[in-house]
Amino acid sequence: MKVRSAVKRLCRNCKVVKRRRRVFVICKENPKHKQRQGFSTLAASNTNSNLQTLEIAATNYTFNSPAVLNHMFSNPLTLV
């Protein structure tokens, strides 16, 4: 199923359905046409994994200055 911000019918057999406050496109003829309107939460999960990667990197390396660690964890998105 494709998750898109704007869904549309791809063939004449596609049906637009609203279920659970979401818009779906279902197609009996071609299952590749299945779509759901919304957004993916993949971006939110990537930021969490980036923080875990930084924590692992901090434990694997020794730093001479605690200022380096403070800078690293104060704004973790600058190192990605």
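The model shown is predicted, which means the values in this text are computed figures rather than measured ones.

Student: I'm lost on the environment of Pro31 in this one. Help?
Tutor: Positionally, Pro31 belongs in the loop between strand 3 (22-26) and strand 4 (35-37). Classification of Pro31 by relative accessible area gives exposed; the value is 56%.

Student: It is not clear to me how a positive patch on the surface should be interpreted in this structure. Could you clarify?
Tutor: Positive charge collects at one region of the surface, where Lys15, Arg19, Arg20, Arg22 and Lys28 lie side by side. The topology assignment puts Arg20 in the loop between strand 2 (15-19) and strand 3.

Student: Honestly, the confidence of the model for the protein chain in this entry has me stumped. Any pointers?
Tutor: Note: predicted coordinates in regions of low pLDDT should not be interpreted at a detailed level. Residue-level pLDDT values for the protein chain average 76, and 49% of them are 70 or greater. Ranking the helices and strands of the protein chain by mean pLDDT puts strand 3 first, with 96, and helix 1 (residues 42-60) last, with 58.

Student: Can you help me understand unusual backbone geometry in this one?
Tutor: What you tend to see is this: most non-glycine residues have negative phi, and most peptide bonds are trans. Backbone geometry at Arg20 places phi at a positive 50°, although glycine is not the residue there. Located in the positive-phi region is Arg21, a residue other than glycine, with phi close to 60°. On the secondary structure map, Arg21 appears in the loop between strand 2 and strand 3. Accessibility expressed as a relative area gives 83% for Arg21, which makes it exposed.

Rules used throughout
- Residues numbered from 1 in each chain as written.
- Predicted model: local features only at pLDDT ≥ 70, side-chain atom pairs only at ≥ 80, totals over all residues.
- Heavy atoms only, no water.
- Helix = DSSP H or I, 4+ residues; strand = E, 2+ residues; numbered from the N terminus.
- Buried < 20%, exposed > 50% of the residue type's maximum accessible area, 1.4 Å probe, protein only.
- Patch = residues over 30% accessible without salt bridge, like charges linked within 9 Å, V, L, I, M, F, W, Y side chains within 5 Å.
- Areas by Shrake-Rupley, 256 points an atom, 1.4 Å probe, with all protein chains shown as cover.
- Salt bridge = Lys/Arg side-chain N within 4 Å of Asp/Glu carboxyl O.
- Lys, Arg positive; Asp, Glu negative; His and termini not counted.
- Charge placed at Lys NZ, Arg CZ, Asp CG, Glu CD.
- pLDDT = per-residue confidence, 0-100.

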